[in-house]
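The primary structure of each chain is shown beneath.
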Amino acid sequence: MLTKEDLAKYPSIELARKYVRQLNIDITSLADEFPDVISRAHQILREVITRGVYTYLASSIDTEILAFPVARLFIDAIGDEWLRRRFAVAFSKRVGKFLQGESNDKILEIARMPGNVSESGWDLIYEVKRVGVKYYEWKLHFKDYLSVAVHFHDITWKMCNHPVSNGYVRLTKRELARLMAEAFKERILERRVPKRFIELPEKIARTVKEIEELVKRYKKEVIREIPIKVEISGGVYPPCVQFILERAEKGENLSHVERLFLMFFMLNIGKREEEVVDLFRKMPDFNEERTRYYVRHAKNKGYTAHNCDTLKTYGICKPTHRWCSEGRVKNPLTFYYRMLYVSGKRRSESEE
Amino acid sequence: MKSNLKTVLLLKSLFEAYYRENDIPTPPHFSKREFGFMLWGKEGMIRHKTFYSRTEFLTFLRKKVPKNAYRSAAYYLDPEAQNMEGKGWVGADLIFDIDADHLTTPCKEIHDRWICMECGTTGIGKKPTRCLNCKSTVINEVSWICDQCLNFAKDEVFKLLDFLFDDFGISEKEVKVVYSGHRGYHVHVDNEAVKELSSDERREIVDYISGTGIKVENLGLIEVSAGGRKFIIGPDLTSEGWGKRLVKSIIKVFSSPDLDKVLIEAGIPKRKIDILLVNREKVVTALSSVPSRWDILQGIGISIWKNIASAAIKKTAAQIDEPVTVDIHRLIRLEYSLHGSTGFKVTPISVTDLERFDPFKDAIIFKGEKEVIFKEYCPEFRIGDEVFGPYQKGQKVELPLSAVVFTLAKAVAELL
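What counts and how
- Residues numbered from 1 in each chain as written.
- Chains lettered and ligands numbered in written order.
- Predicted model: local features only at pLDDT ≥ 70, side-chain atom pairs only at ≥ 80, totals over all residues.
- Buried ≥ 20, exposed ≤ 12 C-beta atoms within 10 Å, placed from the backbone.
- Helix = DSSP H or I, 4+ residues; strand = E, 2+ residues; numbered from the N terminus.
- Pairing = 2+ DSSP bridges.
- Axes fitted to C-alpha atoms, helices over the stretch in contact; angles between N-to-C directions.
- Parallel < 35°, antiparallel > 145°, perpendicular 65-115°, else oblique.
- Left-handed = near helix turned anticlockwise from the far one by under 90°.
- Contact = placed C-beta atoms within 7 Å.
- Nonpolar A, V, L, I, M, F, W, Y, C, P; charged D, E, K, R; others polar.
- Expected span 1.5 Å × (residues − 1).

## Some details on the pairing of strand β1 (residues 35-38) of chain B
Residues and elements named next belong to chain B.
Item 1. What you see with β1 is a clean split: Phe35 and Phe37 sit on the buried side and Gly36 and Met38 on the side with no burial.
Item 2. In this structure, β1 lies alongside strand β3 (residues 68-72), joined through four bridges in antiparallel fashion. Bridge pairing links Phe37 to Ala69 in β3.
Item 3. Taken together, the two bridges between β1 and strand β2 (residues 46-49) define a ladder with antiparallel strand orientation. Following the sheet pairing, Phe35 is matched in β2 by Lys49.

Laid out in structure tokens, this is it:
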């Protein structure tokens, strides 16, 4: 049975939404009667923007429950996609941590209830099975597993790397928590109110303006809002690299393997450390120090870019160019150098 | 290769008689499906067609007499809409295509041919990248079918069904196997859980069935240290999914007379192969026990087991054509229609009848005899219990009507 504290820990679930609806508070009275909620929502977003974390204040449960929809309303009013993603990722990381420490009954209740992790709820069963040295505690129907796992590009999330039987995929508690956290993130990104439908009272509009300013400042100083310097279309990059770059430009969360691949590829074609770091600035969980460390490490080690076969298994290969679909390149770097040669040749021909 | 008018007219009249004399069943939820047709003597395909009644469907087939007929795997709100956005995709059956053309079979070297479109040079087997005579790259492949390649395809269907039943929990009544009328089989899964799967989710299912992206460490095959010693542990027969399949496949490989060939192909060094061959029975017993014992042979470490595992995975994976499963707007052959390249019936088969199903007998519909002249070399083929050919170019032969239709539709012969 979920408690009110659970609603504060998981304020996006259906029960929390129902609880907020029952309070019947409109946005005007919120500013006047519950200034704590407004300032908590403000604080949440400040921390999300500057540190990429969604903190938890156990001291005031009601405020915590209410601050979530208010923070989301602010995000909708600002209409900034980078902020929306950064908020969803930070919230999902918090949810993942809470879920790992949760009792089995609570996990079942949250996962199965319609509207929390999916429209109809997940078909999830608690059942312990040992395979080798690994203990699996959960099994999830493959359709629910796939709905989330396809967003991960890490090979360990491929269904073939999990025990699958009679329609169910076995998961450890840690894996289930990660999947549920991702589902929470996707639900946040799915639901949005268009900016034009939002009218805010003066007092709240001021707070929203402050957050908007902070977003702008942060983007200017940290993300530096420099467009990723690549020729997105018609360029010399192979389709797999272009696809990742387009997503990086939009600020979508790239998987670990995608980040490594992009990093290795760019270093191999001679991009400078600074240029490679810049490619990751729009990531919702961007951390300059960590990114710089990875890039420097990769550069020192001299890693080469993954082969096409490896990229295929990670689902990163996008064989939209005939060189790829006809198997004429074995490594994306070959594509790049060959295209560079061909386009250089074409240019010099047209100049003649 | 184009057929002459007389040939086209005969084939069309035979198809017309088939559609007139048989009440072709409509596919499930037919009013929500898109249909597509290719007509005799006409280029291109009529798409975005829909039927609101069974009578309308039958009348169309009888009037238009399609050379090839297709229907969508998907259900739409408005199947007639001219573009995909307008159709309103509601869901789609999960479809798998197993095509003998994509399988490596020894018979291809005997019956497949190629023709250089520049200089006319021909050859047997897989087409070369460049013509052996004029070095042109414009080469046409002429593929053939025989018992061997269609049996290979059927074996792949059985492998696929095993995945669907055991791992995905799909029941037999939710699965329909259809002989495509030419080189292979289609497997349709009509189950609520799969209807709304996206393309990416379907691709992941293909990867599962074809074993793409497996890391054996994730199946539990690892080396662990204890008490200053290293041990190899791994999945056993009580494992699930690929773990169990891996153990079963290695046991099968070690029980087969081809073990040495498999080990050489897996890149195992000669010295290690000798150890494995001598101890093959020991391996079978150790892996058949629960828990399994992987650490039984001195000199056979984790890297050797990983190589063996990769070879075993390839043997167990089913070879399915990925684009067909992933495309949620795909048109597939209409059940009970006739295939324009063979005259064979696109035949649904129940899972229990699959073993006995004989495409060269059970998909044959035409009766009677006719004389034809061969305009190309025609490899041996079988219709029912009778084997025909091979026939040389220019040879005149009187053949049963089903064999006539087959050779005319394959465009190797024409009517006199």
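## So, the packing of helix α12 (residues 256-268) of chain A against helix α14 (residues 288-301) of chain A
All names here are of chain A.
Item 1. Relative orientation of the contacting elements α12 and α14 amounts to 55°, with a least axis distance of 10 Å. By the angle class used here, α12 and α14 are oblique. Helix-helix and strand crossings are classified by hand; for α12 and α14 the assignment is right-handed. Residues Met263, Phe264 and Leu267 of α12 touch α14, and the partners they reach there are Tyr294, Val295, Ala298 and Lys299.
Item 2. Its residues assigned to classes, the contact of α12 with α14 comprises six nonpolar, no polar and one charged.

## Notes on helix α9 (residues 173-190) of chain A
Item 1. Here α9 of chain A contains 18 residues, and its C-alpha end-to-end distance of 26 Å stays within 8% of the 26 Å for a straight helix at 1.5 Å per residue.
Item 2. Residues of α9 of chain A that are buried sit in contact with α6 (81-100), α7 (104-112), β2 (134-141), α8 (142-149) and β4 (168-171) of chain A.

## Points about the interface of chain A and chain B
Item 1. The partner chain B presents 28 residues to the 24 residues of chain A that form the contact.
Item 2. Looking at which element gives the most residues to the side of chain A that touches chain B, the answer is α8 of chain A, with four residues.

## Comments concerning the sheet that holds strand β7 (residues 113-116) of chain B
Residue and element names in this part refer to chain B.
Item 1. Taken in spatial order, the three strands line up as β8-β7-β9 in an open sheet, and their pairing is antiparallel. Looking at the sheet topology across the chains shown, the edges are occupied by β8 (122-124) and β9 (139-142). For this sheet, the mean inter-axis angle between neighbouring strands, taken without regard to orientation, is 20°.
Item 2. Alignment of β7 against β8, held across three bridges, turns out to be antiparallel. Within the sheet, the bridge partner assigned to Ile115 lies in β8 and is Thr122.

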